[in-house]
There are 2 protein chains.
Amino acid sequence: MAEPLRIALAGLGTVGAGVIRLIETNRDLLAARAGRELKVVAVSARDRAKDRGVDLSPYTWEDDMAALAARDDVDVVVELVGGADGPALALAHAALDNGKALVTANKAMIAHHGIALAESAEEQDVALKFEAAVGGGIPVVKGLREGTSANALERIYGILNGTCNYILSKMEDTGADFAEVLSEAQRLGYAEADPTFDIEGVDAAHKLAILAAIGFGARLDFAAVRTTGITQVKAADIAQADALGFVIRLIAMTDVEESDSGEPLLLQRVRPCLVSKGHPLASVDGPTNAVVAEGNFSGRLLFQGAGAGDGPTASAVVADLIDIARDEVGAPFSIPVAQLAAMQPTEPGHRIESTYLRFTVNDRPGVLAEITAAMRDAGVSIESLIQQGRAVDGGDVLVAMVTHEGPERCVREALDLLDGSESLTAPPLVLPILRD
Amino acid sequence: MAEPLRIALAGLGTVGAGVIRLIETNRDLLAARAGRELKVVAVSARDRAKDRGVDLSPYTWEDDMAALAARDDVDVVVELVGGADGPALALAHAALDNGKALVTANKAMIAHHGIALAESAEEQDVALKFEAAVGGGIPVVKGLREGTSANALERIYGILNGTCNYILSKMEDTGADFAEVLSEAQRLGYAEADPTFDIEGVDAAHKLAILAAIGFGARLDFAAVRTTGITQVKAADIAQADALGFVIRLIAMTDVEESDSGEPLLLQRVRPCLVSKGHPLASVDGPTNAVVAEGNFSGRLLFQGAGAGDGPTASAVVADLIDIARDEVGAPFSIPVAQLAAMQPTEPGHRIESTYLRFTVNDRPGVLAEITAAMRDAGVSIESLIQQGRAVDGGDVLVAMVTHEGPERCVREALDLLDGSESLTAPPLVLPILRD
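Each value, and the rule that gives it
- Residues numbered from 1 in each chain as written.
- Chains lettered and ligands numbered in written order.
- Predicted model: local features only at pLDDT ≥ 70, side-chain atom pairs only at ≥ 80, totals over all residues.
- Heavy atoms only, no water.
- UniProt positions renumbered as here; feature names shortened; annotations may be inferred.
- Helix = DSSP H or I, 4+ residues; strand = E, 2+ residues; numbered from the N terminus.
- Rg over C-alpha atoms; globule rule 2.2 N^0.38 Å.
- Buried < 20%, exposed > 50% of the residue type's maximum accessible area, 1.4 Å probe, protein only.
- Contact = heavy atoms within 4.5 Å.
- Areas by Shrake-Rupley, 256 points an atom, 1.4 Å probe, with all protein chains shown as cover.
- Lys, Arg positive; Asp, Glu negative; His and termini not counted.
- Charge placed at Lys NZ, Arg CZ, Asp CG, Glu CD.
- Least-squares fit on C-alpha atoms with pLDDT ≥ 70 in both.
- Pairing = 2+ DSSP bridges.
- Axes fitted to C-alpha atoms, helices over the stretch in contact; angles between N-to-C directions.
- Domains from an automatic or database assignment.
- Salt bridge = Lys/Arg side-chain N within 4 Å of Asp/Glu carboxyl O.
- Polar contact = N/O pair within 3.5 Å; in protein donor to acceptor, adjacent residues only side chain to side chain.
- Right-handed = clockwise from strand over helix to strand, strands pointing away.
- Parallel < 35°, antiparallel > 145°, perpendicular 65-115°, else oblique.
- Nonpolar A, V, L, I, M, F, W, Y, C, P; charged D, E, K, R; others polar.

Labelled according to an unreviewed UniProt entry, chain A appears under the name Homoserine dehydrogenase, originating from Altererythrobacter arenosus. Under the UniProt heading Sequence similarities (unreviewed entry), the entry covering chain A gives this text: "Belongs to the homoserine dehydrogenase family."

## Some points on the overall build of chain A
Looking only at helices and strands, one finds 13 helices and 19 strands in chain A. A compact globule built from 436 residues should have a C-alpha radius of gyration of about 22 Å, and chain A, at 24 Å, falls within 12% of that. Dimensions of chain A along its principal axes, counting C-alpha atoms only, are 80 × 50 × 35 Å. In chain A, which comprises 436 residues, the share counted as buried stands at 61%. When contacts within chain A are restricted to residue pairs at least 6 apart in sequence, those whose partners lie at least 24 apart make up 74%. Here chain A displays about 16300 Å² of accessible surface, and carbon together with sulfur accounts for 47% of that area. With 37 positive and 63 negative side-chain charges, chain A shows a spacing of 3 Å between the two charge centroids.

## Remarks on the relation of the copies chain A and chain B
It takes a turn of 180° to lay chain A on chain B, together with a shift of 0.0 Å along the axis; the resulting RMSD is 0.0 Å. Look at the turn and shift together and you get a two-fold axis relating the two. In this assembly, 100% of the residues forming the interface of chain A have copies in chain B that are likewise at the interface, indicating an isologous arrangement.

## What to know about the sheet that holds strand 4 (residues 76-79) of chain A
Strands pair in a sheet through their backbones, by hydrogen bonds, and they do so in one of two ways: parallel or antiparallel. Residues and elements named next belong to chain A. Spatial ordering of the open sheet is given by 3-2-1-4-5-6, a layout of six strands whose pairing is parallel. Edge positions in the sheet fall to strand 3 (60-61) and strand 6 (128-129), since each of these pairs with one other strand and no more. Inspection of the sheet shows strand 2 (residues 38-44) paired to strand 3 by two bridges, in the parallel sense. For V43, the partnering residue across the bridge sits in strand 3 and is W61. Sitting on the sheet, helix 3 (residues 86-97) touches strand 1 (5-10), strand 4 and strand 5 (101-104), and the angle it makes with strand 4 is about 170°.

## Structural notes on the sheet that holds strand 3 (residues 60-61) of chain B
Residues and elements named next belong to chain B. On the basis of which strands lie adjacent, the open sheet formed by six strands has the order 3-2-1-4-5-6 and parallel pairing. Whereas interior strands pair on both sides, the edge strands pair on one side only; in this sheet they are strand 3 and strand 6 (128-129). Judged from the two bridges that link them, strand 5 (residues 101-104) and strand 6 form a sheet pairing that is parallel. Across the sheet, V103 pairs through a bridge with K129, a residue of strand 6.

## What about the domain arrangement of chain A?
When the domains of chain A are assigned, the result is domain 1 (5-133), domain 2 (140-306 + 333-348) and domain 3 (349-434). One C-alpha centre belongs to domain 1 of chain A, the other to domain 3 of chain A, and the line joining them spans 50 Å.

## Considerations on the side chain of D396(B)
All names here are of chain B. As for its placement among the helices and strands, D396 is situated in strand 17 (residues 396-403). Notably, D396 is buried but unbridged: the nearest opposite-charge side chain belongs to K234, and the N-O separation is 8.1 Å. In terms of polar contacts, D396 uses its side chain to reach the side chain of T425, at 2.9 Å.

## So, the pairing of strand 5 of chain A
Residues and elements named next belong to chain A. Burial of the side chains of strand 5 extends over both faces: A101 and V103 are buried on one face and L102 and T104 on the other. The sheet contact formed by strand 4 and strand 5 spans four bridges and is parallel. Bridging across to strand 5, V78 finds its partner in V103. A crossover links strand 4 with its parallel partner strand 5, the connecting element being helix 3, and its sense is right-handed. The parallel pair strand 5 and strand 6, bridged by helix 4 (residues 107-124), forms a crossover whose chirality is right-handed.

## A look at the packing of helix 2 (residues 27-34) of chain B against helix 11 (residues 310-325) of chain B
Residue and element names in this part refer to chain B. Running from N to C, helix 2 and helix 11 cross one another at 40°; their axes reach a closest spacing of 9 Å. Classified by the interaxial angle, the pair formed by helix 2 and helix 11 is oblique. Touching L30, R33 and A34 of helix 2 are V318, I322 and A325, all from helix 11. Of the residues assigned to the contact of helix 2 with helix 11, the class counts are five nonpolar, no polar and one charged.

Dropping the structure here:
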């Protein structure tokens, strides 16, 4: 058997401890599959004294994690520190600059700095791998890089944030409102104390930008992701969607269209959608993640599994280590960085879709006439409209409608016409509809 | 860019033509992802004159497909001829013996001869790849070999035959009986003129044996797969299952248990099951395939997509070609053949499961007493029992029951007690229950 693959591990939170536990538990199996031993040599984290439930005594401890990147007895650095910049990024660059492979679960860092890191990795001819950055334990980076590699992809979309999916499917099951379910999710560990990155869609946007780069050969452009979170979704919206045959899910979606002059334009967006109950994503409940890739020959492929957690994330990290041990690595984003196309973002106003709209209005005569007139004037055709009988939030009532398919910008124009109206007591909610 | 990967293609049915079409259509994309051109050099099939909807003039035609394996200008032979033995196997061995890589979609050949072929491939240090042999366009071979590589798998199971799944889900939708739906499937091209291999579960068994080898490091043992097809499933069973909260699917399943002396015992079986409606496999309809892999760290992963068809199958074949062009190949069954463990098959009688049983009986007094006495005597506990009021098949009635969980062998013993009974007018149907 070949020489062991020598690993340094930075960051010993739940995932880091999970990686240690996995490598210990499945040691022989990993060696058989990788063709050589996966050997943790050195570790580093903030607090040496903390009990992490794993025995760290076999490994050299470095107080300064930067020292891991400089060790001669290390082939791969595993970065599990987190944060887009700061120590994680410094370590990543130091590792690559020193000719070591890098494995990371850090979606924020890859979304912001993936191009620069991939350039370093290619320059040094070492691996940069980040399977665990997207979809937790689901091998979706490999799925796109290797599984769908023969296809021009038409669309990639999915459920990429387990916290939002837990909250939305819990709201669905219990009828409780957002704030209440969020508190419960925090209590159960499904949501962070500061949940902003999750519930505002930023975490899903990080992952989407990574998938877009791999799937479409697009130069990573996180800043161009259009992101809407789930904080505006009410229990009443979920009930309304249910009655119409839909569930609500936070959907991240990316595709490419051609401009009039033939240039590729990249669409990347994260937003809550009504998903038809017959769609495979509608039955994705709780913290589960799922990604759909539609190829021009493969048709629709679905990858589903646990989107987070120490075990699944460790599974993805160690799968990357096995790839490196097998010397099966290749370009981090499937094609060399220099060939990734810098794509302008598209203005999707011409896209045709059907939309769910919810207005919070005063319960007084003329409100419906005002709303429907704005729809008519903007060219939006209404398929169904429901005014809820019972008042909520002190006298306000909800008006929900579903539009026929039409250009996105028409709905936007209708809302502009209603902007400033005294009939509306809160900003309207607009959710696109994803059918099977 | 490196030298082109030079390809010879044997067999130009719908899949072969699909591979040509894919390579033509996605040419630039494939070159970017593979790092070199995928170049078809020579082709061979039975009938040169046949119109296949693709232009074959750029490629050298060989009347004798064996000649493909001997050409100096070929790096990889793609075998799409079909059949476990005969010309396909001869070509496969000739290609490997001549030091050429082999890509095949031939599940029967791999299930029967995969070990010998992998030995040749390893001896010659060339690639043997067969992503298209299992699950059509779903990258499940790569999913197990690379995606779940860090895990000890607890179980692999799924829907591996699109014909059976089409028939069962169509019976579900229409209430029609097996024979009627089979004829329709044949008319629509979802079932072969001779559907035996599909409806008797043999095709699914081929695929399962391949997955078991990759997932569990077991020496391929197709002969040990316990296989039951779907021909005995009646519309009444599907209606009954529906009322109980289940659908019926042909499920292929494999796992490993330890014998009393600590030896690994391999379970491989294909059989129709009642699948709880909340399970992800219950919503897999029509010719779609899906595979679940449960890892000790990843948890449950699901891979789903089109199980057959020229586009999806070509997608899988060409993904293998890209792996070869990238020089990312490794052992065909994830670990070297010599390390695959020859596992004895398990006798699963001690396994605990809940079972659906359907009896076709004479409509006369004492029948229920006879059946329930047999259950009692064999130690089978009945959870629910339904005797259908209306007679079918000339005076016979159906009695359906669901058992509490218990050892499999008890149900078998109960049926042995009833063997030869004049009350039963047809062999009973036994379907295990797969819960979420």
